[in-house]
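# Chains, contacts and geometry: an overview
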Amino acid sequence: MPQPSYITYSDPWFYQRPRLATHIGTMCKDTLFSRMIYLGSRRIGKSYFFLNDLCPYLIQEGLMPVYVNMWVNKSAPHSEFAEQLAIVLDEIEQDGAPKRFLNTEIKKLAINNQFAKIGMEFKPKVATDIDLYNIKNLLKSIVAAAGKSKIILILDEFQHLLTSPAFDNFLYALRTLLDTYGSRISVIFIGSSRTGMKAAFENDKMPFYQSAQINEFPILDDGFIAHCTKRLEVVYNIHINRLELLDFWHEINHSPHWIINLMRDIVTNQRSLPQAIAFIKEATRVEEGHDEVLKNLTATDKAVLLLLHYKRGLYSEESLRIIKAVGGKGTRGSIQSSERRLENKKIISTLPDKNVMIQLYGLIDAIEQSLSPELKLKIGI
Ligand SMILES: Nc1ncnc2c1ncn2[C@@H]1O[C@H](COP(=O)(O)OP(=O)(O)OP(=O)(O)O)[C@@H](O)[C@H]1O
Ligand SMILES: [Mg+2]
């Protein structure tokens, strides 16, 4: 495929998605869709697409993208928001366009930063009146500096703003602010948790209620696998079985993150495809830190997580039976303290709609793997 003209990114492993960029970019230009939501599970290339495909396309089309990842500063997402607005304002004033998206290093940083913060303790901070006033002014200045160009605000990991009441202030202010600008600013909300995004947009008590429809972020097509196998052949003269790789690609739910790591492993460690696949499977477990987390969970904690995940309710007779079967105590008190403990460790968050979001991706799978097949059958999972 010839490189689309808007692409300035030079990573040869980057599998471009010009059709999707044109599709979403065209909607950004129009006023019919000034609020869009994209939901997709972890590591399927969402941030990468919006930063490397969509932003350059928007700039080429004379629009002004502003990208903010709410996970970069987990305790004070409003500070990160203000910081990104200030950077973009500076760029527009200096160069007339947000040039930063042309700089690979910063893009890499924006993406990698968040991984380090997953599972880390943080104390949510409330945005003060001064913080909000500052944000309001920054946005006003950007709109003025952008002149006729439309601003496209891309808010990544938006569900994070729902995970603590400390962020309410910012969330409400953001809604009011965006309403003031109407279709002058298009907004793309990106999220990696269905429960979190539903709580934000489908709960009538929340400020963003029904402000946009939730779309699934389209997964990368299988052409990505052909692209990777071909590059291995051309650059390293390594031939692998494409169909075997395709199977693994489907097994890991189309995550380019793990495929790129698999490529690295094949090349640097000169492993065969099956060996590399085994290695990556192990790596996914270790990287998410499941072993460490699992070690510190009590049997009640594990059962509570399973019940929350399957939305079975915690206090019914049936649930108490399940907790006991997994080896837990199964009393009201022990369930309550387990919930508190999981919340303090930031393994779960209770959302404003009272639904519970499990923050550690893949943890449920890991818990299930730690149970015997007989037990799983007994408790009906
Ligand atoms: N189009 C692509 N071509 C090549 N590699 C890609 C592509 N998209 C993503 N990747 C690889 O996958 C990694 C993860 O992608 P990205 O961070 O965009 O996922 P994500 O869906 O935003 O994940 P998270 O939910 O964890 O934020 C990237 O760092 C990159 O190595
Ligand atoms: Mg991301």
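Thresholds applied
- Residues numbered from 1 in each chain as written.
- Chains lettered and ligands numbered in written order.
- Predicted model: local features only at pLDDT ≥ 70, side-chain atom pairs only at ≥ 80, totals over all residues.
- Helix = DSSP H or I, 4+ residues; strand = E, 2+ residues; numbered from the N terminus.
- Rg over C-alpha atoms; globule rule 2.2 N^0.38 Å.
- Buried ≥ 20, exposed ≤ 12 C-beta atoms within 10 Å, placed from the backbone.
- Contact = placed C-beta atoms within 7 Å.
- Domains from an automatic or database assignment.
- Nonpolar A, V, L, I, M, F, W, Y, C, P; charged D, E, K, R; others polar.
- Near = placed C-beta within 6 Å.
- Axes fitted to C-alpha atoms, helices over the stretch in contact; angles between N-to-C directions.
- Parallel < 35°, antiparallel > 145°, perpendicular 65-115°, else oblique.
- Left-handed = near helix turned anticlockwise from the far one by under 90°.
- Pairing = 2+ DSSP bridges.
- Expected span 1.5 Å × (residues − 1).
- Arc of directions from axis to C-beta.
- pLDDT = per-residue confidence, 0-100.
- Core = buried A, V, L, I, M, F, W, Y, C linked by C-beta atoms within 7 Å.

### A short note on the overall build of the chain
What the chain contains, in helices and strands, is 17 helices and seven strands. Taking 381 residues into account, the globule formula puts the C-alpha radius of gyration at 21 Å, and the chain, at 22 Å, falls close to it. Buried positions account for 38% of the 381 residues belonging to the chain. Residue pairs at least 24 apart in sequence account for 73% of intrachain contacts in the chain once pairs closer than 6 positions are excluded.

### Structural notes on the domain arrangement of the chain
According to the domain assignment, the chain consists of domain 1 (18–216), domain 2 (223–287) and domain 3 (291–379). Computed over C-alpha atoms only, the centres of domain 1 and domain 2 are separated by 32 Å. Each partner contributes to the interface: domain 1 provides four residues, whereas domain 2 provides five residues. Taken together, the residues of the side of domain 1 that touches domain 2 sort by class into one nonpolar, two polar and one charged.

### Looking at the site of ligand 1
As a structural note, the neighbourhood of ligand 1 is formed by 18 residues, with Gly-45, Lys-46, Ser-47, Tyr-48 and Pro-256 the closest of them. Elements with a contribution of two residues or more to the shell around ligand 1: α2 (46–60), α4 (104–117) and α10 (256–268). Taken together, domain 1 (18–216) and domain 2 (223–287) each give at least three residues to the shell around ligand 1, which thus spans both.

### Topic: the packing of helix α8 (residues 223–236) against helix α9 (residues 242–251)
α9 packs onto α8 with a crossing angle of 135 degrees between their chain directions and a minimal axis gap of 10 Å. Considering their axes alone, α8 and α9 lie oblique with respect to each other. Here α8 runs over α9; the crossing is right-handed. Between α8 and α9, the residues in contact are Ile-225, Ala-226 and Thr-229 and Arg-242, Leu-245, Leu-246 and Trp-249, respectively. Its residues assigned to classes, the contact of α8 with α9 shows five nonpolar, one polar and one charged.

### Let's talk about the environment of Gln-210
For Gln-210, the position within the fold is in the loop between α7 (194–201) and β5 (214–216). C-alpha separation for the pair Gln-210 and Gly-328, spaced 118 residues apart in sequence, amounts to 40 Å.

### A word on the pairing of strand β2 (residues 64–69)
By the criterion of burial, β2 is predominantly enclosed, with six of the six residues buried. Judged by which residues are buried, β2 turns out to be covered on both faces: Met-64, Val-66 and Val-68 on one side and Pro-65, Tyr-67 and Asn-69 on the other are all buried. Judged from the six bridges that link them, β2 and strand β3 (residues 151–156) form a sheet pairing that is parallel. Bridge assignment links Val-68 to a residue of β3, and that residue is Leu-155.

### What to know about helix α1 (residues 18–29)
Along its twelve residues, α1 runs 16 Å from first to last C-alpha, staying within 8% of the 16 Å computed at 1.5 Å per residue. Listing the buried residues of α1 in full gives Ala-21, Ile-24, Gly-25 and Cys-28. Burial along α1 is one-sided: seen end-on, the buried residues are contained in an arc of 105 degrees. Residues Arg-19 and Thr-26 are exposed on α1 and point more than 90 degrees away from its buried face.

### Some remarks on unusual backbone geometry
Positive phi is not limited to glycine here, since Gln-210 has a value of about 50 degrees. In this structure Gln-210 comes out as exposed when scored by C-beta crowding, with 11 C-beta atoms within 10 Å.

### Let's talk about the packing of helix α3 (residues 77–95) against helix α5 (residues 129–146)
Relative to each other, α3 and α5 sit at 25 degrees, their axes nearing to 9 Å. Here α3 lies roughly parallel to α5, going by the angle between them. Our pair here, α3 against α5, has a crossing hand that is left-handed. Contacts between α3 and α5 involve His-78, Phe-81, Ala-82, Leu-85, Ala-86, Val-88, Leu-89, Ile-92 and Glu-93 on the former and, on the latter, Asp-131, Asn-134, Ile-135, Leu-138, Leu-139, Ser-141, Ile-142, Ala-145 and Ala-146. Split by residue class, the contact of α3 with α5 holds 13 nonpolar, three polar and two charged.

### Some remarks on the confidence of the model for the chain
For the chain, the mean per-residue pLDDT works out to 88, and 91% of the residues sit at or above 70. Across the chain, the element-wise mean pLDDT spans from 44 in α4 up to 97 in α8. In this model, residues 104–119 is a region of pLDDT below 50 whose contacts with residues beyond four sequence positions or in other chains number 17 contacts.

### As for the nonpolar core
Membership of the largest hydrophobic core comes to 60 residues, with the highest contact counts inside it found for Val-66, Leu-85, Ile-152, Ile-154 and Leu-155. Once residues within four sequence positions are removed from consideration, Leu-85 is found in contact with Val-66, Ile-135, Leu-138, Leu-139 and Ile-142. In this structure, Tyr-15, Leu-245, Trp-249 and Trp-258 belong to the second largest nonpolar core, which totals 17 residues.

### A few points about the sheet that holds β3
Strand order across the open sheet formed by five strands is β2-β3-β4-β1-β5, with parallel pairing between neighbours. Lying at the two open borders of the sheet, with one neighbouring strand each, are β2 and β5. Taking the axes of each pair of neighbouring strands and ignoring which way they run, one obtains an average angle of 20 degrees across the sheet. Across the sheet, α2 lies against β1 (35–39), β2, β3 and β4 (185–191), angled at about 165 degrees from β2, the strand it touches most.

### Observations regarding helix α13 (residues 299–309)
Counting buried residues along α13, nine of its eleven residues qualify, which places the element largely inside the surrounding structure. Among the structural elements, α14 (317–325), α15 (332–344), β6 (348–350), β7 (356–358) and α16 (363–369) are those in contact with the buried residues of α13. Two residues or fewer past α13, Lys-311 is found with a positive phi of approximately 50 degrees.

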